Amino acid sequence: MSLWKPDPTFYPSPRDAAAAPPEKLAYLAAFDRSASRPDAIAVLDVDPDSDSYGTVVGWTDMPFIGDELHHFGWNACSSALCPYAPHPHTERRYLIVPGLRSSRIYVLDTKDDPRSPQVVKVLDSEELAKRAGYSRPHTVHCGPEGLYVSALGGANGQDGPGGIALLDHTSFEVLGRWEADRGDQYLAYDVWWHLNHDVAVTSEWGTPSMIEDGIVGELLLGRKYGHALHFWDLRRRRHLQTVDLGDQYQMPLELRPAHDPTKTYGFVGVVINVEDLSASIWLWQWDGQAATVTKVIDIPAEPADPESLPPLLQPFGAVPPLVTDIDLSVDDRFLYVSAWGTGQLLQYDVSDPLHPTLTGSVRIDGIVNRSAHPAAPSLPLAGGPQMVEVSRDGKRVYVTNSLYGAWDDQFYPDGVGAWAAKLDVDTESGGLSFDTQFFPHGEDFRGLRVHQIRLQGGDASSDSYCYP
């Protein structure tokens, strides 16, 4: 549906986005690990002036079971204002929600009642396979000319390669495979871009058989998971360059490019170094012809009593940080790093992207740490900060605790439960503190685990901009 005027939640520049009104609602992907009941989108009230602040105020069950809702995104965002493929009269109205295990993609309409999104379309796995040749849709990004959906697996019984399917903005039909020439790319995970420079970046995890039941120790120690970034000609859809980080750096996952469209750098988090169990953050830079990638942050593992560790980690006597998500504030100043293994959320000032400085950190839970939330200091928790989302103005950070069902079970074998938390940010000098009024948890989520969170009107990882 078209509007007479551009959607007010489309912002020409990151500066405009940061000055926009704060979010009132947040949407969370919630899933049933047993696949015996439907997954859901939960809706949280994030308006501190509301009587229902910090509670679940809406709930939408999916029509099928066995999806494992994971990452999801908006059908349209600020990139709709870009001049080379403008769609200013689309709406940020629909949530595009893939099932990582089922390969279904749901379209939910949030317009009539934002607290009660309605499922209006379901793309089945056969359509994704037939039209794009992919399975296991993972990440959704709204681009100027369509919806980019990264997928981990191949179709028709093929484990790979993974890649990107392109969907229509308004009909949500699968247009086809995005790649015209994939070069040596085989493994897939995230995709992002520098729109004004016609450059895309993709990262690597593993094929479905490599992740289905969690981390496979033999594959990890054999350095078989992803360890490279790929750079592409965005407009021509052609592979340009592979940058191998070194096969000890397993699983470079989340990509976060600078929001300033005049900049051509970004950050990627690496889950684990198999030589010392550390995690790391790397900076890519594009000079117009080629990319360089430099490690800028090391996060060491923490020694631990083997008896306190899950079986997978007992031989190592240490807790790996397991950096599984990162997020960059809209003003490109603060990078947030979730160390799911040690239970930390770390804040770095990346004003000088080659030389980040640690400016804040909090601990909540962790494989061994098990720190409680200050709102419930006597409540045992599990599952550290995992998915992290930053408000457009950079003043609020939201975290949830479940990663991926099979990983949850490996690293937190006594169960991860479900919780979400909000942190307030000192935007002047840095620093984080828990909001003690915001702690939905446990049965608030009806027995489901919670993964990604999206903010009404957009957030730091949903939009890209074409104007500085």
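Residues numbered from 1 in each chain as written. Predicted model: local features only at pLDDT ≥ 70, side-chain atom pairs only at ≥ 80, totals over all residues. Heavy atoms only, no water.

- The protein chain has the name Methanethiol oxidase in an unreviewed UniProt entry, where Saccharopolyspora spinosa is given as its organism.
- Recorded under Pathway (unreviewed entry), the UniProt text for the protein chain is reproduced unchanged: "Organosulfur degradation."
- Of the protein chain, the UniProt comment under Sequence similarities (unreviewed entry) reads exactly: "Belongs to the selenium-binding protein family." (UniProt positions renumbered as here; feature names shortened; annotations may be inferred.)

A few points about the overall build of the protein chain
Thinking step 1. Across its full length, the protein chain carries five helices and 30 strands.
Thinking step 2. At 20 Å, the protein chain has a C-alpha radius of gyration in line with the 23 Å of a compact globule built from 468 residues.
Thinking step 3. Each of the three principal axes of the protein chain carries a C-alpha extent, and together these read 60 × 55 × 45 Å.
Thinking step 4. The buried share of the protein chain, taken over its 468 residues, is 63%.
Thinking step 5. Considering only intrachain contacts with a sequence separation of at least 6, the fraction spanning at least 24 residues in the protein chain is 60%. (Helix = DSSP H or I, 4+ residues; strand = E, 2+ residues; numbered from the N terminus. Rg over C-alpha atoms; globule rule 2.2 N^0.38 Å. Buried < 20%, exposed > 50% of the residue type's maximum accessible area, 1.4 Å probe, protein only. Contact = heavy atoms within 4.5 Å.)

Comments concerning the sheet that holds strand β1 (residues 25-31)
Thinking step 1. Read across the sheet, four strands follow the order β3-β2-β1-β30 without closing on themselves; strand pairing throughout is antiparallel. Taken across any chain shown, the strands that pair with only one partner, and hence form the sheet edges, are β3 (56-61) and β30 (449-455). Going from strand to strand, the sheet's axes swing by 25 degrees on average, the running direction of each strand aside.
Thinking step 2. Strand direction decides the pairing type here: strand β2 (residues 40-45) and β3, joined by five bridges, are antiparallel. (Pairing = 2+ DSSP bridges. Axes fitted to C-alpha atoms, helices over the stretch in contact; angles between N-to-C directions.)

Quick look at the state of the cysteines
Thinking step 1. The final tally for this structure, using the stated rule, is two disulfides.
Thinking step 2. What pairs with C77 in a disulfide is C142, and their sulfur atoms sit 2.2 Å apart. Taking the sign of the S-S torsion, about 120 degrees here, the bridge from C77 to C142 comes out right-handed. Placement of C77 in the loop between β4 (73-74) and β5 (94-98) and of C142 in strand β8 (residues 134-143) is noted, with a sequence separation of 65 residues between them. Exposure class is identical for C77 and C142. Each is buried.
Thinking step 3. Paired through a disulfide, C82 and C466 show a sulfur-sulfur distance of 1.9 Å. An S-S torsion of about 95 degrees defines the bridge between C82 and C466 as right-handed. You can see C82 sitting in the loop between β4 and β5 and its partner C466 sitting in the segment after β30, a full 384 residues away along the chain. (Disulfide = S-S within 2.5 Å.)

Side note on the pairing of β5
Thinking step 1. When you tally the buried positions in β5, you get five out of five residues, the bulk of the element.
Thinking step 2. A two-sided burial pattern is seen for β5, the buried positions comprising Y94, I96 and P98 on one face and L95 and V97 on the other.
Thinking step 3. Bridge count for β4 against β5 is two bridges, and the pairing is antiparallel. Within β5, the position partnered with W74 by the bridge is L95.

Considering the sheet that holds strand β29 (residues 432-434)
Thinking step 1. Reading across from one edge, β26-β27-β28-β29 is the order of the four strands in this open sheet, with antiparallel pairing throughout. Because the sheet does not close on itself, it has two edges, and the strands there are β26 (388-390) and β29. Between one strand and the next, the sheet's axes are offset by a mean angle of 30 degrees, whatever the strand orientation.
Thinking step 2. When strand β28 (residues 420-425) meets β29, the two strands line up antiparallel, connected through three bridges. Across the sheet, the residue bridging to L423 is F434, located in β29.

Some points on the packing of aromatic side chains
Thinking step 1. Under the definition given, this model contains 18 aromatic pairs.
Thinking step 2. Note on Y398 and F438: the rings are 5.8 Å apart at their centroids and 65 degrees apart in plane angle, and the pair reads as edge-to-face. Note that Y398 is positioned in strand β27 (residues 396-400) and F438 in the loop between β29 and β30, a separation of 40 residues in sequence.
Thinking step 3. Judged by relative accessible area, which is 0%, F438 ranks as buried.
Thinking step 4. Here the aromatic cluster, defined as three or more aromatic residues joined through ring pairs, consists of Y189, W205, W340, Y404, W407, F411 and Y412. (Phe/Tyr/Trp six-rings, centres within 6.5 Å; stacked < 30°, edge-to-face > 60°.)

Some thoughts on the nonpolar core
Thinking step 1. The biggest cluster of nonpolar side chains holds 32 residues, and the ones touching the most others in it are W205, M251, I367, Y404, W407 and F411.
Thinking step 2. At the level of elements, α3 (208-211), β16 (249-257), β17 (265-273), β21 (318-319) and α5 (405-411) are the ones that each hand at least two residues to this core.
Thinking step 3. In contact with F411, other than residues within four places in its own chain, are I215, P310, L312, L313, L322, W340 and I367.
Thinking step 4. Ranked by size, the runner-up nonpolar core spans 28 residues in total, among them C82, V199, V268 and A291. (Core = buried A, V, L, I, M, F, W, Y, C linked by side-chain atoms within 4.5 Å.)

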